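Examining the three-dimensional arrangement
Letter by letter, the chains look like this.
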Amino acid sequence: MRLGVLDVGSNTVHLLVVDAHRGGHPDPMRSEKAQLRLAEQVEDGRLTDAGTARLIRAVARAKTIAATAGCVELLGFATSALREADNSAEVLARVRAETDVDLRVLSGADEARYTFLAVRRWYGWSAGRLLVLDIGGGSLELAVGRDEDPEVALSAPLAAGRLTRGRLPGDPPARHHIEALTDHVDRIIAPIARQIRAAGPYDLAVGTSKTFRSLARLAGAAPSAAGPRVRRTLTDAGLRQVFGFISRMAAPDLAGLDGVSPGRAHQLVAGALVAGAAMRALEISELNICPWALREGVILHRLDTLGVPTDSRRPWPLTDRQPRQVLDLAQ
């Protein structure tokens, strides 16, 4: 079947169209992104009318593209930007009324769970116990476990976009702001790291998300053109070296580096700082970079449930006990 997954994040609205069947490998057919930077359009805790209007247009366009591509189902979800907006319910109701797309807001823990599932499927059982880190625009997700549903799944308000907006003025940021942010991140991540370590040792540490991919590329990992199956890693030493030069560069200069998206260049320093703090706190010397993350996790779990009642320990909010968003291909 052909599925569409619509990811409304803090930075982008991303539609991924895949062909897949239960037990099969999802085959990407089309990817469309709209860079809305919703998190930057939240004022006094509320998503602005202009931001809401842009979101509605982006969702409507994504729905049209998915229908044209032949998708029989569209799974739409939103993460931290809408999760934390005071008018989230109002915005979601407007999106549903004007586009007939029902976006589900994921909790941070559920983001971590779906991402963990994707990473587990990518590396397989032979990887042993996995430790997974995902740095987004609005939150940091961490999960650890031996199975497909992690034993511990956590989320923290430590992410590239959020910290850049709130704590890193200047371009490039001043050294004292970087030092203050480092102390702040270390304080927040310390108790989270203790919970993760209490779950037991890991066999493989994995990073997902654009932030980790960009940092790994700057540290010498293979470019995206080499394909998703090339092994890519990010070491603690490599990250320190990368941070040493990107922290002194302005965003327009960072945007010119190979592997850095122009739309995310301004928040790369904060992302690198969070990555470094997490690796120190969890005593990670090397991260493997996984090309699959949240969207693939949603797709994989949906395929697992095709025609089969699920009996998860906890319900998966996008695919269990909820009506499916089926596209009318005749429109």
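Everything that follows concerns the structure shown earlier in this document.
For the structure given in this document, a descriptive report is provided here. (Residues numbered from 1 in each chain as written. Predicted model: local features only at pLDDT ≥ 70, side-chain atom pairs only at ≥ 80, totals over all residues. Heavy atoms only, no water.)

**A short note on the overall build of the chain**
On a plain count of helices and strands, the chain comes out with 11 helices and 13 strands. For a compact globule of 331 residues, the expected C-alpha radius of gyration is about 20 Å, and the chain comes in at 19 Å, within 12% of that figure. Reported as C-alpha extents along the three principal axes, the dimensions of the chain are approximately 55 × 45 × 35 Å. For the chain, contacts bridging at least 24 residues in sequence account for 70% of all contacts bridging at least 6. Working note: accessible area of the chain is about 14100 Å², and carbon and sulfur atoms make up 49% of it. Of the charged side chains in the chain, 42 are positive and 38 negative, and the gap between their average positions amounts to 2 Å. (Helix = DSSP H or I, 4+ residues; strand = E, 2+ residues; numbered from the N terminus. Rg over C-alpha atoms; globule rule 2.2 N^0.38 Å. Contact = heavy atoms within 4.5 Å. Areas by Shrake-Rupley, 256 points an atom, 1.4 Å probe, with all protein chains shown as cover. Lys, Arg positive; Asp, Glu negative; His and termini not counted. Charge placed at Lys NZ, Arg CZ, Asp CG, Glu CD.)

**Section: the pattern of salt bridges**
This structure, assessed with the given rule, holds 21 salt bridges. Between Arg-295 and Asp-7 there is a salt bridge, and its shortest N-O distance comes to 2.7 Å. A residue pair is termed long-range when its members are at least 10 positions apart, and Arg-295 in helix α11 (residues 294-304) and Asp-7 in strand β1 (residues 2-8) qualify at 288 residues. Owing to a relative accessible area of 21%, Arg-295 belongs among the partly exposed residues under this scheme. On the accessibility criterion, Asp-7 (8% relative accessible area) is buried. With a closest N to O distance of 3.4 Å, Arg-94 and Glu-98 form a salt bridge. Taken together, the residues span about one helical turn, with Arg-94 and Glu-98 both in helix α3 (residues 88-99) at a distance of 4 residues. (Salt bridge = Lys/Arg side-chain N within 4 Å of Asp/Glu carboxyl O. Buried < 20%, exposed > 50% of the residue type's maximum accessible area, 1.4 Å probe, protein only.)

**Notes on the packing of aromatic side chains**
Inspection of the entire model under this criterion finds 1 aromatic pair. Measuring from centroid to centroid gives 5.1 Å for Trp-122 and Trp-292, while their planes differ by 65°, and the two rings are edge-to-face. Of this pair, Trp-122 sits in helix α4 (residues 108-123) while Trp-292 sits in the loop between β13 (286-289) and α11, placing them 170 residues apart in sequence. With relative accessibility at 22%, the residue Trp-122 sits in the partly exposed group. (Phe/Tyr/Trp six-rings, centres within 6.5 Å; stacked < 30°, edge-to-face > 60°.)

**Section: the nonpolar core**
The biggest cluster of nonpolar side chains holds 49 residues, and the ones touching the most others in it are Leu-215 and Ile-246. At the level of elements, β8 (130-135), β9 (140-145), β10 (152-156), α6 (175-198), α7 (210-218), α8 (236-246), α10 (268-281) and β13 are the ones that each hand at least two residues to this core. At 11 residues, the largest contribution of residues to this core is made by α10. Excluding anything up to four places from it in sequence, Ile-246 contacts Leu-215, Leu-218, Leu-254, Leu-268, Val-269 and Ala-272. Within the second largest apolar cluster, 30 residues are counted, among which are Cys-290, Leu-294, Trp-316 and Leu-318. (Core = buried A, V, L, I, M, F, W, Y, C linked by side-chain atoms within 4.5 Å.)

**Concerning α4**
Over its 16 residues, α4 extends 23 Å from the first C-alpha to the last, a length consistent with the 22 Å expected when each residue adds 1.5 Å. Counting buried positions over the 16 residues of α4 gives 12, a clear majority of the element. For α4, the full list of buried residues reads Gly-108, Asp-110, Glu-111, Ala-112, Arg-113, Tyr-114, Thr-115, Phe-116, Leu-117, Ala-118, Val-119 and Arg-120. Following α4 by one or two positions, Gly-124 has its phi on the positive side, about 80°. (Expected span 1.5 Å × (residues − 1).)

**A closer look at the sheet that holds β1**
Pairing in this open sheet of 5 strands is mixed, and the strands run β3-β2-β1-β6-β7 from one edge to the other. The sheet is open, and its two borders are formed by β3 (27-35) and β7 (104-105), each paired with just one other strand. Pairing of β1 with strand β2 (residues 12-19) involves 7 bridges; the strand directions are antiparallel. Of the residues in β2, the one forming a bridge with Asp-7 is His-14. Those strands touched by α11 are β1, β2 and β6 (73-78), and its axis lies near 140° from that of β1. (Pairing = 2+ DSSP bridges. Axes fitted to C-alpha atoms, helices over the stretch in contact; angles between N-to-C directions.)

Limitation: the analysis is restricted to geometry and does not speak to function.
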